[in-house]
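# Close look at the chain arrangement
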Amino acid sequence: IRFYELFLYEEKYVNENGCVNKFLQILLDSPVVDVGPPADWVKINVQRTKDCFEVYALVPGLLREEVRVQSDPVGRLVISGQPEQPDNPWGVSPFKKVVSLPSRIDPHQTSAVVTLHGQLFVRVPFEQAAIS
């Protein structure tokens, strides 16, 4: 399995009209598995649009450089976090979660954004062959 690392940057995802694309979205019940100790404080939702999956995660207390996102073509998305200070007063601990998406994806076109408020947004386009 080859995972592709995504670099996180502070930018808002907007569509070609300048607003967040919210129509034709379906909330999915994608399996999310903790790897290592459970991190119930990390909340993840997945929605499907006409051309991609949109993954929303709450990762409070982590900076963007402390969050890592990886994906592979078969539809696995790995979201992990590693606080710089393990003994932080907020109780934020390292975590790793694997989200299994229901179809093949294009990991090279996947993008991720983390806000200053600990909100992670990942846009995961379908594999081109899966759209046709």
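Scroll up a little and you will see the structure.
Residues numbered from 1 in each chain as written. Predicted model: local features only at pLDDT ≥ 70, side-chain atom pairs only at ≥ 80, totals over all residues. Heavy atoms only, no water.

## Section: the packing of aromatic side chains
Applying the stated rule across the entire model yields three aromatic pairs. Here Trp 41 and Phe 95 contribute two aromatic rings whose centre-to-centre distance is 5.5 Å and whose plane-to-plane angle is 80°, an arrangement assigned as edge-to-face. Taken as a pair, Trp 41 in the loop between strand S3 (32-34) and strand S4 (43-48) and Phe 95 in strand S8 (residues 95-100) lie far apart in primary sequence, 54 residues in all. Judged by relative accessible area, Trp 41 falls into the partly exposed class, the value being 27%. Looking at Phe 95, the relative accessible area reads 5%, which means it is buried. Residues Tyr 56 and Phe 121 carry aromatic rings whose centres are separated by 5.2 Å and whose planes lie at 50° to one another, so their mutual orientation is tilted. Separated by 65 residues along the polypeptide, Tyr 56 in strand S5 (residues 52-58) and Phe 121 in strand S10 (residues 119-125) bring together distant segments of the chain. (Phe/Tyr/Trp six-rings, centres within 6.5 Å; stacked < 30°, edge-to-face > 60°. Helix = DSSP H or I, 4+ residues; strand = E, 2+ residues; numbered from the N terminus. Buried < 20%, exposed > 50% of the residue type's maximum accessible area, 1.4 Å probe, protein only.)

## Considerations on the pairing of strand S7 (residues 76-81)
Burial of S7 is extensive: five of the six residues sit out of reach of the surface. Bridge count between strand S6 (residues 67-71) and S7: five bridges; the pairing is antiparallel. When the sheet's bridge partners are listed, Gln 70 is paired in S7 with Val 78. Between the end of S6 and the start of S7, which pair antiparallel, lie four residues, with Gly 75 showing a positive phi angle near 105°. Sheet topology note: the S7/S8 ladder contains six bridges and is antiparallel. Along S8, the bridge assignment pairs Arg 76 with Ser 100. (Pairing = 2+ DSSP bridges.)

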